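Read off the chains here:
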Amino acid sequence: MSADEARETAASGNFALETRGLTKEFRGFTAVDDVNLQVQEGHIHALIGPNGAGKTTVFNLLTKFLPPTRGEILYRGKPITSMKSNQIARMGLVRSFQISAVFAHMTALENVRVALQRELGTSFHFWKSEKSLDHLNERAMELLDEVGLAEYADTLTVEMPYGRKRALEVATTLALEPKMMLLDEPTQGMGAEDVDRIVELIRRVSKGRTVLMVEHNLSVVSRLCDRITVLARGSVLAEGDYESVSSNPLVREAYMGSEEAEEEEAQA
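Everything numeric in this text was worked out from a predicted model, so none of it was measured. (Residues numbered from 1 in each chain as written. Predicted model: local features only at pLDDT ≥ 70, side-chain atom pairs only at ≥ 80, totals over all residues. Heavy atoms only, no water.)

S.K.: Can you lay out the overall build of the chain for me, pointing to particular residues and giving the numbers?
M.R.: Scanning the chain from N- to C-terminus turns up eleven helices and eleven strands. Across the 268 residues of the chain, 51% fall into the buried class. Contacts in the chain between residues at least 24 apart in sequence constitute 64% of all its contacts with a sequence separation of at least 6. Total accessible area on the chain stands at roughly 12700 Å², and carbon and sulfur atoms take up 48% of it. (Helix = DSSP H or I, 4+ residues; strand = E, 2+ residues; numbered from the N terminus. Buried < 20%, exposed > 50% of the residue type's maximum accessible area, 1.4 Å probe, protein only. Contact = heavy atoms within 4.5 Å. Areas by Shrake-Rupley, 256 points an atom, 1.4 Å probe, with all protein chains shown as cover.)

Take a look at the structure:
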């Protein structure tokens, strides 16, 4: 981290990402209500809650897919409320799977290479000869190796197992050199083996980075996250580590009281 970045981080209370009074209304319905979120630099922070709690809306506000009705968003001490998604991505705040347009009929290597072109400012130059992009192959292979996909380099994405496709999406995100990654339900729809693989992948790629994730699987949250924010009806219900949040009576009533959540907690 540069001296300037360190000063900015210190000025914001060592928070990589912060919201102040974040609110989103849709024709009189308040989907996100006065949310104050503080994600500490270097942490893996989870955003959880029952269906309809406002998690996805918060994510869409943070990544500029929706404008807030009121409130402020700061990234490493800098106001980003009025910025666009491509602007914050260039600052290092990247939503994994936001370029999840992994191309089904391109190989894993080619997909990562496209992401690297975007980072270099030469995105979507598909008319260039393949040889002109060969200089990106070494870095693309490094990224594939980092997410455990080196053996899939020449495999068409459409032929890859689902869990490996998600790993490829992480590789394309890493190509953008993120300082902070926002992961939107990274283990959704996966079997136990793929979940374990993605958990280890997130743990590995989070080193030196900050991660904010929406995740329903409480076992994943308990294994990965330093801090958890629980949303209910668009507002922050509780915050803390897994032990304190999981034992909170309000959280258990709103979210963890369901049979599904109790089963997941028992497995954690």
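S.K.: Please give an account of helix H6 (residues 162–174) that cites residues and values.
M.R.: In this model, H6 (13 residues) spans 19 Å end to end at C-alpha, consistent with the 18 Å of a helix rising 1.5 Å per residue. Across the 13 residues of H6, eleven count as buried, placing the element largely inside the fold. What H6 keeps buried is the set Gly 163, Arg 164, Arg 166, Ala 167, Leu 168, Glu 169, Val 170, Ala 171, Thr 172, Thr 173 and Leu 174. (Expected span 1.5 Å × (residues − 1).)

S.K.: Quick one: what's the story with the sheet that holds strand E9 (residues 210–214), residue by residue and with numbers?
M.R.: Reading across from one edge, E7-E8-E9-E4-E10-E11 is the order of the six strands in this open sheet, with mixed pairing throughout. Each of the sheet's edge strands pairs with one partner strand only, and the pair in question is strand E7 (93–96) and strand E11 (235–240). Pairs of neighbouring strands in the sheet enclose a mean axial angle of 20°, with direction left out of account. (Pairing = 2+ DSSP bridges. Axes fitted to C-alpha atoms, helices over the stretch in contact; angles between N-to-C directions.)

S.K.: Outline the pairing of E7, listing residues and values.
M.R.: Neither face of E7 is exposed, since Leu 93 and Arg 95 on one face and Val 94 and Ser 96 on the opposite face are all buried. Where E7 and strand E8 (residues 180–184) come together, four bridges link them in parallel fashion. Looking at the pairing, Ser 96 lines up with Leu 183 of E8.

S.K.: Tell me what's going on with the packing of aromatic side chains, and back it up with residues and numbers.
M.R.: One pass over the full model with this rule turns up zero aromatic pairs. One Lys or Arg, Lys 24, reaches over the ring of Phe 26 and ends 5.2 Å from the middle of that ring. (Phe/Tyr/Trp six-rings, centres within 6.5 Å; stacked < 30°, edge-to-face > 60°. Lys NZ or Arg CZ within 6 Å of the ring centre and 35° of its normal.)

S.K.: Could you give me a rundown of the packing of H6 against helix H7 (residues 192–205), with the residues and numbers involved?
M.R.: H7 packs onto H6 with a crossing angle of 15° between their chain directions and a minimal axis gap of 10 Å. Compared by their axis directions, H6 and H7 come out roughly parallel. In the crossing of H6 with H7, the sense of the turn from one axis to the other is right-handed. Between H6, through Gly 163, Arg 164, Arg 166, Ala 167, Val 170 and Leu 174, and H7, the contact on the second element is made entirely by Asp 194, Arg 197, Ile 198, Leu 201 and Val 205. Class assignment of the residues belonging to the contact of H6 with H7 gives a composition of six nonpolar, one polar and four charged. (Parallel < 35°, antiparallel > 145°, perpendicular 65-115°, else oblique. Left-handed = near helix turned anticlockwise from the far one by under 90°. Nonpolar A, V, L, I, M, F, W, Y, C, P; charged D, E, K, R; others polar.)

S.K.: An account of the side chain of Thr 19 is needed here, citing residue identities and associated values.
M.R.: Its location among the elements puts Thr 19 in strand E1 (residues 15–26). At 2.9 Å, the side chain of Thr 19 and the backbone oxygen of Val 35 are in polar contact. Look past the residues within four positions of Thr 19 in its chain and what remains in contact with it is Val 35, Asn 36, Leu 37, Leu 62, Glu 72 and Ile 73. (Polar contact = N/O pair within 3.5 Å; in protein donor to acceptor, adjacent residues only side chain to side chain.)

S.K.: Tell me what's going on with unusual backbone geometry, and back it up with residues and numbers.
M.R.: Located in the positive-phi region is Glu 177, a residue other than glycine, with phi close to 55°. Even without being glycine, Glu 185 reaches a positive phi, approximately 50°. Inspection of the secondary structure puts Glu 185 in the loop between E8 and H7.

Function cannot be read off these values alone, since they describe shape.
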